[in-house]
Amino acid sequence: MKKLLLILLAGIGLVSCCSSPKTSDIAVVPYPNHIEVTSGEYDVKNQPVSCDARTDEKTRRVIEAFAAQLSLTSGGENALTVDQTPSKSGIRFIVDDTQPAEGYSLAIDRCGVELRASKFNGFLYGVQTLKQLLPVEVFGKQAAANAAWTLPCLNITDAPRFGYRGMHLDVSRHFFSTEEVKRFIDMMTLHKLNTLHWHLTDDQGWRVEIKKYPLLTEVGGMRKGTVIRKEWGNYDNIPYGGFYTQDEIREIVKYADENGITVIPEIDLPGHMQAALAAYPQLGCTGGPYEVWGRWGVSDDVLCIGKENSFKFIEDVLTEVMELFPSKYIHIGGDECPKVRWEKCPKCQARIKALGLKGNGKYSKEHFLQSYVTERVGKFLAEHDRIVIGWDEILEGQAPQDAVIMSWRGSDGGVTAAQNGHDVIMTPNTNFYFDHYQSLDTDAEPFGIGGYLPVEKVYAYNIDFPQLNDEQKKHILGVQANLWSEYIKTNEHLEYMLLPRLDALSEVQWTEFENKDYDRFIANFRMHEIYDMMGYNYAKHIFAITASYRVDTDKQAVMMELNTLGNAPIHYTLDGSEPTTNSPLYTAPVALTRDCVFKAATFRNFETPVYSREFKFNKATARKATLNTQPTEKYFFGGASTLTDGYCGEDGYTNGSWVGFLNEPMDITIDMEGSESYSSVSVQADVFFGEWIFGPREIQVLTSDNGEQFTEVGKLVTDAVKEDSKNGVRTYTVEFPATSARYLRIVAPTVNPIPEWHGAKGEKAHMFIGEISVN
């Protein structure tokens, strides 16, 4: 019997069925754009495999590998022949010039399988679909004769929505070996991606051999130590480094090409160049000395644009890079380039004067100096038939018209660029930064940079921007996710952050919007079985519990709501003990009315994460609260109730436990109902100075009996923040004479301006407020 690719929602496994599967039951990721399921099935064991003689050598290798793998795992013999005339039976691969370059058609009936494509990538992607339609054992390393080696009868006509389907890998912050990069490429191939954006240089390490500048890897490839977690100023003092020889680069580029993937190198400039300056200090504005950075963030030290030797260096490096990478695109970074050195550098100021550059009120003359860099480097690349890509900061000033914009600070920059005629790659940090946590329960996760990006948020990204007309939409080349490696030290951790979010990304990139369906995606998900077979490490959050909670002011309780895939049974505890099948069964929202450590788990045939959250109740918890000012829209989350829900947030301002403010102070009124006295207010804030996030400038506490006229009862002016101040969660407490006033108002203005010692001096600071405790 055909083993259908339908996952039991309780996570038990696969089911067998006599009837043919429905279209919605077909478990292929990314989901095909046209699929029609017919009746019957085809037994592939011992069936011949024929290859059209017109296929190229690279395509034949893919077909040969498929036939060999099918023979190995099915325990049969799938002999491959190369035919001038297409066979009428068996598994046939036929060249069809009517198919799109990356498209394919797949027809399976009771007589055989016919896969048609015009180019290598089409055959490659068709094979990936075929393998996912077969028993999962086809991805294994040994025979599984007892598996049902049949395919459902169906017709698929498929081609990708976007021509650019990228994944980014940062090897500067932490280095990954040649074999690990190849394994990364394998995962991309499985999901039909076609572009690897390889971030090879940054402040923390230079990873590509440049023969004309050997010190780039000899000195710039090694840092003395690495900052411990986010304990700025505290280093492990363990030398760390690594780089790829040019032969290793060629090997990886060739391997990628054999898997239908183009490798785009990124040489980040003119900022993020501290590693290069450590090797060649004469290229900086101050002349050094410089060290390869052991901390994360943005260094003020950048290439000196007043020195002509800087451009010679750039062109020499890019010349060798172009010899290694045949990609038509070369990424030059352009992001996060501080201007403080240029502002004080006589040579840079002389260059600005000679070019006649001036600020325009929105951007300084130094911004236009960076535009000069981008344009000059872009012209150099164009002379070699290459096209420049830059992060969206290159729009600040004047970007060259032929530059491709990679929009990472949300989608707005990409939309503006498309409206102005630039080609665009969308990679917004809101949906595609895979270094962000996959769970709000960060204590149970590998330590990370912060944020919260679950699978469903990746999948939800919609690239149909109504503000773009049809011509402007053509400038959207595609979508990419980024995997920055500040806190990702091992390949096991890398795979955990990548999978299964890569599945969701692949459907955003490949599947037409009208064919996307998250419910279908989740209900049929079986990629974890393939990952198990291939030995990949992956996160299991989509099989775990999804928890949400809300303040119920009528009950003065926090209501905890739980769900999971397939409504599998959920058991929970309130005392911090690990749930078992004997723990209370969740059947309805649980009302929390006192301090507790809430834990919940679902039990499947594989281990899934336990949900855990500690609640500390105080006199303001679950009371009615109103914000009198408007938080930053992007960081509104639950608004006022976030501040009175009893949960003291962990470090990570984007995880939903904090409310962000920028243009207005935090101003909140809490209805204490006059039922009990109180004499202190504590305000929790998350600070991260490198991202312009400071604590409150002061905290003012006011009370009222009528909710209209308020009287100040206490005030705290916070200590001035110094350059060596630590990041992290802080609690500020204001004490005052005991009162039972009904209305309590807390006002906390943001820091404005940012102090002189900071790289963003003079700008407004962000402020993130968490729990407000009243006692």
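Residues numbered from 1 in each chain as written. Predicted model: local features only at pLDDT ≥ 70, side-chain atom pairs only at ≥ 80, totals over all residues. Heavy atoms only, no water.

**Things to note about the sheet that holds strand E18 (residues 387-391)**
In step 1: The parallel closed barrel is built from eight strands, whose spatial order is E10-E11-E16-E17-E18-E19-E20-E21. For this sheet, the mean inter-axis angle between neighbouring strands, taken without regard to orientation, is 30 degrees.
In step 2: Bridge count between strand E10 (residues 164-170) and strand E21 (residues 476-483): six bridges; the pairing is parallel. Paired with Gly166 across the strands is Gln480, a residue of E21.
In step 3: On the sheet, helix H3 (residues 178-190) packs against E10, strand E11 (195-199) and E21 and is oriented at approximately 150 degrees with respect to E11.
In step 4: Contacting strand E16 (262-269) and strand E17 (329-333), helix H7 (residues 308-324) runs over the sheet at an angle of about 170 degrees to E16. (Pairing = 2+ DSSP bridges. Helix = DSSP H or I, 4+ residues; strand = E, 2+ residues; numbered from the N terminus. Axes fitted to C-alpha atoms, helices over the stretch in contact; angles between N-to-C directions. Contact = heavy atoms within 4.5 Å.)

**Focus on the sheet that holds strand E33 (residues 711-717)**
In step 1: Spatially, E28-E30-E35-E32-E33 is the arrangement adopted by the five strands of the open sheet, whose pairing is antiparallel. Each having just a single partner strand, strand E28 (625-627) and E33 make up the two edges of the open sheet. With strand direction ignored, the average angle separating the axes of adjacent strands in the sheet is 15 degrees.
In step 2: Taken together, the six bridges between strand E32 (residues 698-704) and E33 define a ladder with antiparallel strand orientation. Each bridged residue has a counterpart across the sheet, and for Thr703 the counterpart in E33 is Thr711.

**A few points about the pattern of salt bridges**
In step 1: Applying the stated criterion across every chain yields a total of 38 salt bridges.
In step 2: Across the pair Lys224 and Glu291 runs a salt bridge whose closest N-O atoms are separated by 2.9 Å. Of this pair, Lys224 sits in the loop between strand E14 (222-223) and strand E15 (240-241) while Glu291 sits in the loop between helix H6 (274-279) and H7, placing them 67 residues apart in sequence.
In step 3: Using a relative accessible area of 45% as the deciding quantity, one classes Glu291 as partly exposed.
In step 4: Among the charged side chains, a salt-bridge network with shared partners connects Arg92, Asp96, Glu114 and Arg116. (Salt bridge = Lys/Arg side-chain N within 4 Å of Asp/Glu carboxyl O. Buried < 20%, exposed > 50% of the residue type's maximum accessible area, 1.4 Å probe, protein only.)

**A look at the pairing of strand E30 (residues 666-671)**
In step 1: Across the six residues of E30, six count as buried, placing the element largely inside the fold.
In step 2: Residues Met666, Ile668 and Ile670 of E30 are buried on one face, and the alternating residues Asp667, Thr669 and Asp671, pointing to the opposite face, are buried as well.
In step 3: Sheet topology note: the E30/strand E35 (residues 743-748) ladder contains six bridges and is antiparallel. Bridge pairing in E35 links Asp667 to Val747.

**Notes on unusual backbone geometry**
In step 1: The amide bond that connects Val29 to the next residue, Pro30, takes the cis arrangement and shows omega of -5 degrees.
In step 2: On the secondary structure map, Pro30 appears in the loop between strand E2 (14-16) and strand E3 (35-43).
In step 3: The omega torsion of the bond from Leu269 to Pro270 falls at 0 degrees, within 30 degrees of zero and hence cis.
In step 4: Mapped onto the fold, Pro270 is located in the loop between E16 and H6.
In step 5: A positive phi is found at Arg229, a non-glycine position, where the angle reads about 45 degrees.
In step 6: The residue Arg229 is located in the loop between E14 and E15 in this model.

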